[in-house]
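Secondary and tertiary structure notes
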Amino acid sequence: SASLSERSEQMRDKLRKWREDNHRNSEQIVDVGEELINEHASKLGDDIWIIYEQVMIAALDCSRDDLAWTCLQELKRQFPGSQRVKRLAGMRLEALEKYEDASKQYDSILQDDPTNTAARKRKISILKAQGKSAEAIRELNEYLEQFVGDQEAWHELSELYINEHDYGKAAFCLEELMMTNPHNHLYCEQYAEVKYTQGGLENLELSRKYFAQALKLNNRNMRALFGLYMSASHIAASPKVNATVKKANVKYATWATNQINRAYQLAGRGTKENKCSVKAVEEMLESITMS
Amino acid sequence: LSYFCLFHSGAYCKMLLHAAKYPHCAVNGLLVAEKQKEKKKDSHSTPILCVDCIPLFHGTLALAPMLEVALTLIDTWCKENKYVIAGYYQANERTKDFRPNQVAEKVGARIAENFSEAAMIMVDSTRFTMGCYEPILAIYDHHENKWKCRDCNVDSFEDWCEAQKITSALLEGRSYESLIDFDNHLDDLRNDWTNPEINKSVLHLC
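Residues numbered from 1 in each chain as written. Chains lettered and ligands numbered in written order. Predicted model: local features only at pLDDT ≥ 70, side-chain atom pairs only at ≥ 80, totals over all residues. Heavy atoms only, no water.

**Here we look at the overall build of chain A**
For chain A, the helix and strand inventory stands at 15 helices and zero strands. In terms of overall dimensions, chain A is more spread out than a globule: its C-alpha atoms have a radius of gyration of 24 Å, far above the 19 Å expected for 291 residues. Principal-axis analysis of the C-alpha atoms gives chain A an extent of 75 × 50 × 30 Å. Partitioning the contacts of chain A with sequence separation of at least 6, the portion at a separation of at least 24 is 48%. (Helix = DSSP H or I, 4+ residues; strand = E, 2+ residues; numbered from the N terminus. Rg over C-alpha atoms; globule rule 2.2 N^0.38 Å. Contact = heavy atoms within 4.5 Å.)

What follows is the structure, given as structure tokens:
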């Protein structure tokens, strides 16, 4: 019937979009995917295999081992001996916290194919899951020496360093990412946040520059806008800066505050919370102009 | 001298909804209490009622600028509503890890500067169930620059049965999908971190 195939089309599109966006909305993927697999499998054609993979990973996230097992069996049957399916089997072992068995699974993949990046990254994920941050960092550094272009890995490493409060090394990772992705406003903004957290006047000035750069790349990045305000007003308030620098930073901070105000006006439906945010921003503005 | 805080059902449930929304991430947030009119001499006998919870961030918690922004904005909101920031909660990324880390201690200490009876709360995800059969928090008090763990049981709640019923119902109904934290607000300013819809649901279930 028309409405039934419409429904399966919609579900298929949803799953595709979530795949493309790399969304980790596992509960929704399981809801939609399970229905699609159970009731509309015949309409999916070859898409069914990538859907099995997507649903399996989401099922692991939701402790739905029954569903994950079903998907895995279908994939094993269709792709016997596949490294990609072997990796999925490894992920299931990880979800069951059978880390040694999972590690062996990945080692067997690497024996056949030493350049299998997916298996290497899963091994590092195991270290992370076990709380072995120092080892995970070490392994990830080694990995990046070989696979220097792996952006996902650089980003993961920056996060590991941030969690260890090693902001200098986190900044280095983000510098790599900014170099290879000069138009990515998110990397700029994250770099600025790391520099700000590192502290000290020099890092604050760097953070201000990179918040501004992120804004140039995307003028709706609110974190960058708020960051510009915070860094500029801290610099302006510092006893170590001369009058010229202070004046310039008051100007930046004032500009940022006005932009923030404008953004809230645009977003606001006159909600109470919004009015408070606007008030807070006005107070921020007063505090700079008074200093 | 032992001060203790009582959790309002809405405050407790929002903490758990936040953790449930991002099971693969660390999450953190603030607890607010009603501002006491005068500081009584025997104020240690008056419990601090944590009336609301503001979920802050998910993922990387160890960066400063957005935390400072959140504290500034929420402070203004508190003043408007005669609230005071009274506590900080955190759920770590790894389920089995429920000890406070450097971030928790730093933010907790910062809050304690403005509110001496501030509590630092760690969520124990290993005991997290849909049925919410027991409170899953560990409460830490700031004593002489150290954080000391205090027992959290049903007496830490204004009405544990109510808190349990409401939290369980909202978890079952997947209300966490619509919970807004400060990160969501920064992604889109229209997202309201006071969570009026969830507040309505809580009142409805009371």
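**So, the pattern of salt bridges**
All names here are of chain A. Scanning all chains against the criterion turns up 32 salt bridges over all chains. R12 is the salt-bridge partner of D47, the closest N and O atoms lying 3.2 Å from each other. In this pair, D47 is assigned in helix α3 (residues 47-61) and R12 in helix α1 (residues 2-20), connecting sequence segments 35 residues apart. Accessibility expressed as a relative area gives 25% for D47, which makes it partly exposed. (Salt bridge = Lys/Arg side-chain N within 4 Å of Asp/Glu carboxyl O. Buried < 20%, exposed > 50% of the residue type's maximum accessible area, 1.4 Å probe, protein only.)

**Focus: the sheet that holds strand β3 (residues 48-58) of chain B**
All names here are of chain B. Ordered in space as β1-β3-β2-β4-β5-β6-β7, the seven strands form an open sheet in which the pairing is mixed. The open sheet has two edge strands with one neighbour each: β1 (5-7) and β7 (146-150). Neighbour-to-neighbour, the strand axes of the sheet open up by a mean angle of 35°, direction not taken into account. Summarising the sheet, strand β2 (residues 27-34) and β3 pair through seven bridges and their orientation is antiparallel. Across the sheet, residue N28 finds its bridge partner in β3, namely F57. This element, helix α1 (residues 9-21), spans β1, β2, β3, β4 (83-91), β5 (119-123) and β6 (137-143) of the sheet and lies at about 20° to β3. Against the sheet, helix α3 (residues 102-114) contacts β2, β4, β5, β6 and β7, and its axis sits at roughly 175° relative to β4. (Pairing = 2+ DSSP bridges. Axes fitted to C-alpha atoms, helices over the stretch in contact; angles between N-to-C directions.)

**Some details on the packing of helix α10 (residues 167-180) of chain A against helix α11 (residues 185-198) of chain A**
Residues and elements named next belong to chain A. Between α10 and α11, whose axes approach to 9 Å, the crossing angle comes to 160°. The angle between α10 and α11 places the two elements in the roughly antiparallel class. Between α10 and α11 the crossing geometry is left-handed. Across from Y167, G168, A170, A171, L174, E175, L177 and M178 in α10, the residues of α11 making contact are Y187, C188, Q190, Y191, V194, K195, T197 and Q198. Tallied by class, residues from the contact of α10 with α11 come to ten nonpolar, four polar and two charged. (Parallel < 35°, antiparallel > 145°, perpendicular 65-115°, else oblique. Left-handed = near helix turned anticlockwise from the far one by under 90°. Nonpolar A, V, L, I, M, F, W, Y, C, P; charged D, E, K, R; others polar.)

**Comments concerning helix α5 (residues 83-95) of chain A**
All names here are of chain A. With 13 residues, α5 should cover 18 Å at 1.5 Å per step; its first-to-last C-alpha distance of 18 Å lies within 8% of that length. Against α3, α4 (65-78), α6 (99-112) and α7 (117-129) lie the buried residues of α5. Between the side-chain oxygen at the start of α5 and the backbone nitrogen of R84 there is a gap of 3.1 Å, and the oxygen is on S82. Once α5 ends, the next one or two residues include E97, with phi positive near 60°. (Expected span 1.5 Å × (residues − 1). Polar contact = N/O pair within 3.5 Å; in protein donor to acceptor, adjacent residues only side chain to side chain.)

**As for the UniProt feature "repeat: TPR" (unreviewed entry) in chain A**
Those places that UniProt annotates as "repeat: TPR" (unreviewed entry) correspond, in this numbering, to residues 151-184 of chain A. Helix makes up 79% of residues 151-184 of chain A and strand 0%, and the two end C-alpha atoms of the span are 12 Å apart. (UniProt positions renumbered as here; feature names shortened; annotations may be inferred.)

**Here we look at the interface of chain B and chain A**
Size of an interface: often given as the accessible area lost when the parts come together. Listed per partner, the contact involves 32 residues of chain B and 39 residues of chain A. Carbon and sulfur atoms supply 58% of the area that chain B and chain A bury against each other, a total of about 3,100 Å² over both sides. A salt bridge links D31 of chain A to R174 of chain B, with the nearest nitrogen and oxygen atoms 2.8 Å apart. Where the side of chain B that touches chain A is concerned, the elements lending two or more residues are α2 (65-80), α3 and α5 (182-187) of chain B. When residues in the side of chain B that touches chain A are grouped by element, the largest group, nine residues, is from α2 of chain B. Residues that form the side of chain B that touches chain A fall into these classes: 13 nonpolar, eight polar and eleven charged. (Buried area = accessible area lost by both parts, 1.4 Å probe.)

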